Amino acid sequence: MLVDFNTLPVESRVWVYQANRSFTEKELEEIQLRLDTFIENWTAHGSDLQAGYLIKYKRFIVIALNQSLNQATGCSIDASVNFIQQLEKDYHVDLLDKMNVSYKQGEFVAYKPLTDFRKMAKEKAVSKNTIVFNNLVTNISEFNENWEVPASESWHNRFLN
């Protein structure tokens, strides 16, 4: 059951998928239609799942699930991962690699392998004030408060000493 992301309870579970490039306007339109269809039909043991999504900065897909109505099951989580994997194939984009870092450079979102980000931190090309995206957030409340934060307030801080 597709609902507006902003109407979901703050304790709703979230999954953040970051793309290794920005989507084009045409791709975004197609992906939104596909997300609408997927979420409208997403179930757990035959029960509807109340969920919504956001696409941020033309490169982050954020799916949220109200688990107070129905919990995600192994099968429903597998279905969502399969859906994301299909998007990866169809758009030649990486959405599941957690060993990459997205951060802001002015108004732009940059994407680097973790090894490159570490190197940039050593070279002082990024700092504790660099805005990073903490894709490890687990619910809407954390997403709203701790997703887009200075590196000093995220797991990225360990590379900035």
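Small disclaimer: the values here were computed from a predicted structure and weren't measured.

S.K.: Could you give an account of the overall build of the protein, with specific residues and numbers?
M.R.: A count of helical and extended segments in the protein gives four helices and nine strands. Secondary structure of the protein in N-to-C order comes out as β-α-β-β-β-β-α-β-β-α-β-α-β. Whereas a compact globule of 161 residues would reach a radius of gyration of roughly 15 Å, the protein reaches 16 Å, a difference of no more than 12%. Each principal axis of the C-alpha distribution contributes one length, and for the protein these read about 50 × 30 × 25 Å. Looking at the protein as a whole, 43% of its 161 residues qualify as buried. Considering only contacts within the protein whose residues lie at least 6 apart along the sequence, 64% involve residues at least 24 apart. Just so you have it, the protein exposes about 8500 Å², and 49% of that area is on carbon and sulfur atoms. Counting 17 positive and 21 negative side-chain charges, the protein places the centres of these two groups 10 Å from one another.

S.K.: I'd love a proper account of the pattern of salt bridges, names of residues and values included.
M.R.: Inspection of the entire model under this criterion finds five salt bridges. Residues lysine 58 and glutamate 25 are paired through a salt bridge, measuring 2.6 Å at the closest nitrogen-oxygen approach. Here the residue lysine 58 occupies a position in the loop between β4 (51-56) and β5 (60-65), and glutamate 25 occupies one in helix α1 (residues 25-41), the gap between them amounting to 33 residues. A salt bridge links glutamate 148 to lysine 104; the shortest N-O distance between them is 2.6 Å. Of the two residues, glutamate 148 is situated in strand β9 (residues 148-150) and lysine 104 in strand β6 (residues 100-105); the sequence distance between them amounts to 44 residues. Residue glutamate 148 is classed as partly exposed on the basis of its relative accessible area of 30%. By relative accessible area, which is 22% here, lysine 104 ends up partly exposed.

S.K.: Requested: an account of the sheet that holds β5, with residues and values cited.
M.R.: Pairing is antiparallel across the open sheet formed by three strands, whose spatial order is β1-β5-β4. In this open sheet, the two edge strands, each paired with only one partner strand, are β1 (13-18) and β4. Here the average twist between neighbouring strands, direction ignored, is 15 degrees. Seen against the sheet, α1 touches β4 and β5 and runs at an angle of roughly 165 degrees to β4.

What counts and how
- Residues numbered from 1 in each chain as written.
- Predicted model: local features only at pLDDT ≥ 70, side-chain atom pairs only at ≥ 80, totals over all residues.
- Heavy atoms only, no water.
- Helix = DSSP H or I, 4+ residues; strand = E, 2+ residues; numbered from the N terminus.
- Rg over C-alpha atoms; globule rule 2.2 N^0.38 Å.
- Buried < 20%, exposed > 50% of the residue type's maximum accessible area, 1.4 Å probe, protein only.
- Contact = heavy atoms within 4.5 Å.
- Areas by Shrake-Rupley, 256 points an atom, 1.4 Å probe, with all protein chains shown as cover.
- Lys, Arg positive; Asp, Glu negative; His and termini not counted.
- Charge placed at Lys NZ, Arg CZ, Asp CG, Glu CD.
- Salt bridge = Lys/Arg side-chain N within 4 Å of Asp/Glu carboxyl O.
- Pairing = 2+ DSSP bridges.
- Axes fitted to C-alpha atoms, helices over the stretch in contact; angles between N-to-C directions.

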